[in-house]
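Observations on the model geometry
What follows is each chain in one-letter form.
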Amino acid sequence: MNGKKILGEERREFILSLLKTSREPLTGSELATRTNVSRQVIVGDITLLKAKNEPIIATSQGYLYMSQSSTFKKFKRIIASSHTPERAEEELLLLVNHGVTVVDVKIEHSVYGDLTASIMVSSPKEVEHFVEKIKTTKASYLSELTEGIHLHTISAPSEEALDKAVEALRENGFLIE
């Protein structure tokens, strides 16, 4: 926008418009560049928009406006899984290769209670990006706090796709039943 900094409410409306029309997640850095402010200002703007009940979620790929997101499919299921950190990528790839979106990961922590983190991966490329981000930031998988035990919310365009993905997890020793 011509190098001009967009201020306050006008910037938040612009960010909201970008998120509502985007088919892919937008990173804080992308939004910062488009509005000529810092990434930290964008984080604050997103927080203010969420406080106004805008359905924005933060994913490993960037911010998504939920009602416009094509990653939310009609059929959903919560599955229980267990594996070592070294098998996280394998688990995610098994799911997305069956046409499933991995919406989130949940654990039950002894101190903090239920913890949920958005993942929102639905393709091998998104899984690769997610795993690479874990490695480069030296972050831990949430499941490391619970010796590998965790839940995933998964979604797909059909029950059949969910069933096939769950069966693949079972066959590969990921599923807890």
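Note that the structure is a prediction, hence the values are computed from the model and not measured.

1. Looking at the side chain of His109
The topology assignment puts His109 in strand β4 (residues 101-109). The buried category is assigned to His109, whose relative accessible area is 17%. Reaching out from His109, the side chain makes a polar contact with the backbone nitrogen of Val111 at a distance of 3.0 Å. When neighbours within four sequence positions are excluded, His109 is seen to be in contact with Leu115 and Leu145.

2. Focus on helix α4 (residues 88-96)
Residues spaced three or four apart along an α-helix point in a common direction, a consequence of the helix completing one turn every 3.6 residues. Those residues of α4 that fall on the buried side of the exposure criterion are Ala88, Glu91, Leu92, Leu94, Leu95 and Val96. On its buried face, α4 sits against β3 (75-82), β4, β5 (113-121), α5 (124-137), β6 (149-156) and α6 (159-171).

3. Let's talk about the packing of aromatic side chains
Within this structure, the stated rule accounts for 1 aromatic pair. Seen in terms of ring centroids, Phe130 and Tyr141 are 6.4 Å apart; in terms of plane orientation they differ by 50 degrees. Their pairing is tilted. Here Phe130, found in helix α5, pairs with Tyr141, found in the loop between α5 and β6; they are 11 residues apart in sequence, far enough to count as distant. Here Phe130 matches Tyr141 in class, with each residue buried. Stacked on the ring of Phe174, the Lys or Arg Arg87 has its end atom at 4.0 Å from the ring centre.

4. What to know about the domain arrangement of the chain
Entries for the chain in the domain assignment read domain 1 (8-65) and domain 2 (75-172). Using only C-alpha atoms to locate each centre, domain 1 and domain 2 end up separated by 25 Å. Taken together, the contact between domain 1 and domain 2 spans 6 residues of the former and 8 residues of the latter. Sorting the residues of domain 1 by area buried against domain 2 places Thr59, Ser60 and Gln61 first, and these three jointly supply 76% of that buried surface. One can count 0 salt bridges joining domain 1 with domain 2. The interface formed by domain 1 and domain 2 contains 2 residue pairs in polar contact (both at pLDDT 80 or more). Of all the elements, strand β1 (residues 56-59) adds the most residues to the side of domain 1 that touches domain 2, at 3 residues. Per-class residue counts for the side of domain 1 that touches domain 2 are 3 nonpolar, 3 polar and no charged.

5. Considering the sheet that holds β6
Spatial ordering of the open sheet is given by β3-β6-β4-β5, a layout of 4 strands whose pairing is antiparallel. A strand with exactly one partner marks an edge of an open sheet, and here the two such strands are β3 and β5. The average angle at which neighbouring strand axes cross in this sheet is 20 degrees, direction not considered. Bridge analysis of β4 against β6 gives 5 bridges, and the strand direction is antiparallel. By the bridge assignment for β6, Lys106 is matched with Leu151. The strands that α6 touches are β3 and β6; relative to β3, the one it contacts most, it runs at about 5 degrees.

6. A few points about helix α1 (residues 8-21)
Here α1 is 14 residues long and its end C-alpha atoms lie 20 Å apart, about the 20 Å a rise of 1.5 Å per residue gives. Turning to α1, its buried residues number three or more, namely Arg11, Arg12, Ile15, Leu16, Leu18 and Leu19. Along the axis of α1, the buried residues cluster in a sector spanning 160 degrees; they form a single face. For α1, the exposed residues set more than 90 degrees away from the buried face come down to Glu10 and Thr21. Elements in contact with the buried residues of α1: α2 (28-35), α3 (39-51), β1 and β2 (62-65).

Each value, and the rule that gives it
- Residues numbered from 1 in each chain as written.
- Predicted model: local features only at pLDDT ≥ 70, side-chain atom pairs only at ≥ 80, totals over all residues.
- Heavy atoms only, no water.
- Helix = DSSP H or I, 4+ residues; strand = E, 2+ residues; numbered from the N terminus.
- Buried < 20%, exposed > 50% of the residue type's maximum accessible area, 1.4 Å probe, protein only.
- Polar contact = N/O pair within 3.5 Å; in protein donor to acceptor, adjacent residues only side chain to side chain.
- Contact = heavy atoms within 4.5 Å.
- Phe/Tyr/Trp six-rings, centres within 6.5 Å; stacked < 30°, edge-to-face > 60°.
- Lys NZ or Arg CZ within 6 Å of the ring centre and 35° of its normal.
- Domains from an automatic or database assignment.
- Buried area = accessible area lost by both parts, 1.4 Å probe.
- Salt bridge = Lys/Arg side-chain N within 4 Å of Asp/Glu carboxyl O.
- Nonpolar A, V, L, I, M, F, W, Y, C, P; charged D, E, K, R; others polar.
- Pairing = 2+ DSSP bridges.
- Axes fitted to C-alpha atoms, helices over the stretch in contact; angles between N-to-C directions.
- Expected span 1.5 Å × (residues − 1).
- Arc of directions from axis to C-beta.

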